[in-house]
Amino acid sequence: AFGCPQMTLAEAQEIGRHFVGRKIRKPVLFHLIPQAAEEFSRTPLYQEVLRAGVEVHTHCPLAGLSLRIGVGNVLTPSGKLYYYLQGTRYGSVDE
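**Considering helix H3 (residues 44–52)**
Then, in step 1: For H3, the full list of buried residues reads Leu45, Tyr46, Val49 and Ala52. Down the axis of H3, the sector holding all buried residues measures 125°, keeping them to one side. For H3, the exposed residues set more than 90 degrees away from the buried face come down to Pro44 and Arg51.
Then, in step 2: The elements touched by buried residues of H3 are helix H1 (9–16), strand E2 (29–32), helix H2 (34–40) and strand E3 (55–57).
Then, in step 3: Count one or two residues on from H3 and you reach Gly53, which has phi positive near 105°.

Structure, rendered in structure tokens:
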């Protein structure tokens, strides 16, 4: 998983070039800032990365992987996590 905190466009381009013309054997995930992901998706490199088998996401890897393994709903006091990860709710430590 690349991007904790989420990757910038420049970081995605720098790392992404290593996947051009390749096919991955193990899961590879890029976690980009939403604006960077949108910009990256308009580049030819984005298509190359997808063809290689890389997954591109717009959320924090820790939160995203937690949901992927079945943690369920995410209750967070973090404005950043609330902004970047759909389906989160604000909450306190007591909740």
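**Some points on the pairing of E2**
Then, in step 1: Neither face of E2 is open: one carries Leu29 and His31, the other Phe30 and Leu32, and all of them are buried.
Then, in step 2: Of the strand pairs in this sheet, strand E1 (residues 2–7) and E2 are connected by two bridges, and their pairing is parallel. The residue bridging Phe2 from the neighbouring strand is Phe30, located in E2.
Then, in step 3: As a crossover connection, the stretch from E1 through H1 into E2 is right-handed.

**Side note on the environment of Thr58**
Then, in step 1: Its place among the elements puts Thr58 in the loop between E3 and helix H4 (61–68).
Then, in step 2: Looking at Thr58, the relative accessible area reads 34%, which means it is partly exposed.

**Observations regarding the nonpolar core**
Then, in step 1: In this structure, Phe19, Phe30, Leu32, Phe40, Val49 and Val54 are the most contacted members of the largest nonpolar core, which totals 14 residues.
Then, in step 2: Taken together, the elements giving at least two residues each to this core come down to E2, H2 and H3.
Then, in step 3: Take this core: its biggest share by element is four residues, from H3.

**Section: the sheet that holds E1**
Then, in step 1: Taken in spatial order, the three strands make up an open sheet running E1-E2-E3, and their pairing is parallel. Each edge of the open sheet is held by one strand with a lone partner, namely E1 and E3. Strand-to-strand twist in this sheet, taken as the mean axis angle between neighbours without regard to direction, amounts to 15°.
Then, in step 2: Docked against the sheet, H1 engages E1 and E2, running at close to 175° with respect to E1.

Criteria and cut-off values
Residues numbered from 1 in each chain as written. Predicted model: local features only at pLDDT ≥ 70, side-chain atom pairs only at ≥ 80, totals over all residues. Heavy atoms only, no water. Buried < 20%, exposed > 50% of the residue type's maximum accessible area, 1.4 Å probe, protein only. Helix = DSSP H or I, 4+ residues; strand = E, 2+ residues; numbered from the N terminus. Arc of directions from axis to C-beta. Contact = heavy atoms within 4.5 Å. Pairing = 2+ DSSP bridges. Right-handed = clockwise from strand over helix to strand, strands pointing away. Core = buried A, V, L, I, M, F, W, Y, C linked by side-chain atoms within 4.5 Å. Axes fitted to C-alpha atoms, helices over the stretch in contact; angles between N-to-C directions.

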